[in-house]
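Report on the structure
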Amino acid sequence: MHILPRTALAAQFWLWCPTKPGSILAPMTGKQPLPQPTTPVPPLETPESSHEGHASRWVGALLCSLSAAGFASLTVLGKIALNSGLSLVTILALRFGGAALLLFAYLGLVRRQSLYPGKRLALMLFALGALGYAGQSTLYFASLDRNPASLNGILLYVYPVFVALIGWLVNRTPPTGREWGAMALALFGVLLTVQRPGVDLGFTHADPIGVLLVLGSALWYSVYIVTSDRVVHRPGAWLSTAWISLGASFSFALFGGIAGLLNFNLSPQAIWILVAMVFVSTILALGTFFAGMRIVGPTAASLLSTLEPVFTVLLAMLALSERLASMQILGGLFVLAAVILLTLPEK
């Protein structure tokens, strides 16, 4: 579950990409294209260099897949925390706070970058975290208290359908035929994954309130994506993530303090869950996504990140002994196919 929409992450990739002479990216960096030779000589590609290029793309694909697994681990870790009776408000407040602290330290000490994007942008990013991402996380983890982690991981991934519908309402641009087809696939996948009352398709009944909560989380996440996509490009993905995480941490800490739910007397298990959420589900997941995207490009990286629900199901099987029935797996495949259709670039 990405803190930033993939469009923002892809935009950040293009801003990082080294500008070559004559590249269309040169105006974005303020550099002018250098004069080109009158007779350009194409580089000689040897079998060794071709082999290295293929190997490099495999490394990039592996990094993006590792990122998807890192984001997927958050659902499983949250389920373990809930099953253990831990204070989830405390865990989430510390998770987002720890991520913000590490990101600010990295940007300030390693990249020597300004941490303050300006008053207006800072407030907007902080509000996106405090209201947008914290609200989505609350609905998602509330649904996780009722649903299996694997089911949650699948149902959350209908959010691209909501993004397409919101884009239609906001921009007055009707979906394309492929988008309509993807939405139909996603709807059919959800119906297979969640058994309707009175219909026996031979698999486990889902909790209706839990299903509504996770679908509400997907809808909230879609609104958050459409809203944040207009903001996060300017300060960059890393700095935006830091400020959004800070806002989310503040929101959970404030709510937990008022409701008396904060408990900083953490057990060793809670500390390990917290460390894993910060380093594996946030820092490692973001870092490997950026590193892989620099190698394979934003389109391939976005497609590979759709492996997240697959990894959620696999990790839930390993860590929680969860099992999905065959029809639920089929429904998940329909949802995954819909996401891939919506992710593929238009020809």
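Everything below is about the structure printed above this text.
All residue numbers refer to position in the chain's written sequence, counted from 1. Only residues with pLDDT of 70 or above have their local features reported here, since the model is predicted, and side-chain atom pairs are shown and tallied only from 80 upward, although totals for entire chains, interfaces and linings are computed over all residues. Computation of side-chain values covers all heavy atoms of the structure but excludes hydrogens and water.

A word on the packing of helix α4 (residues 88–110) against helix α10 (residues 237–259). The description of two packed helices rests on the angle between their axes and on the distance between the axes. Angles shown run from 0 to 180 degrees and are taken between the N-to-C directions of axes, each axis being a line fitted to C-alpha atoms and, for helices, limited to the stretch in contact. Helix and strand assignments follow DSSP, with helices taken as H or I runs no shorter than four residues and strands as E runs no shorter than two, numbered in order from the N terminus. Relative orientation of the contacting elements α4 and α10 amounts to 150 degrees, with a least axis distance of 8 Å. For the element pair α4 / α10, the angle class is roughly antiparallel. For α4 against α10, the interelement crossing comes out left-handed. Each residue is assigned to one class: nonpolar for Ala, Val, Leu, Ile, Met, Phe, Trp, Tyr, Cys and Pro, charged for Asp, Glu, Lys and Arg, and polar for all the others, Gly among them. Of the residues that constitute the contact of α4 with α10, the class distribution is 18 nonpolar, 5 polar and no charged. Oblique is the label for any angle not covered by the other classes, which are roughly parallel (under 35 degrees), roughly antiparallel (over 145) and roughly perpendicular (65 to 115). Crossing chirality is assigned from the near helix's rotation relative to the far helix, an anticlockwise turn below a right angle marking it left-handed and a clockwise turn marking it right-handed.

For this document, the term salt bridge refers to a Lys or Arg side-chain nitrogen within 4 Å of an Asp or Glu carboxyl oxygen. Applying the stated criterion across every chain, the model contains 1 salt bridge. We note a salt bridge from Arg146 to Asp207, for which the minimum N-O separation is 3.3 Å. Taken together, the positions of Arg146 in the loop between α5 (119–144) and α6 (149–156) and Asp207 in the loop between α8 (177–193) and α9 (208–228) put the pair 61 residues apart, joining distant regions of the chain. Throughout this description, buried means an accessible area under 20% of the type-specific maximum (1.4 Å probe, protein chains only), exposed means over 50%, and partly exposed covers the range between. Owing to a relative accessible area of 42%, Arg146 belongs among the partly exposed residues under this scheme. Asp207 gets classed as partly exposed once you look at its relative accessible area, which sits at 25%.

Right, let's talk about the packing of α4 against helix α11 (residues 268–296) for a bit. Orientation of α4 relative to α11, taken along the N-to-C sense of each, is 45 degrees, at an axis distance of 9 Å. The orientation of α4 relative to α11 falls into the category oblique. Crossing handedness for the pair α4 and α11: right-handed. Contacts between α4 and α11 pair Ile91, Leu94, Arg95, Gly98, Ala99, Leu102 and Leu103 from the former with Ala270, Leu274, Met277, Val278, Phe279, Ser281, Thr282 and Ile283 from the latter. For the contact of α4 with α11, the class distribution of residues is 11 nonpolar, 3 polar and 1 charged. Two residues form a contact once any of their heavy atoms are found within 4.5 Å.

Treat this as a map of the structure, not an account of what it does.
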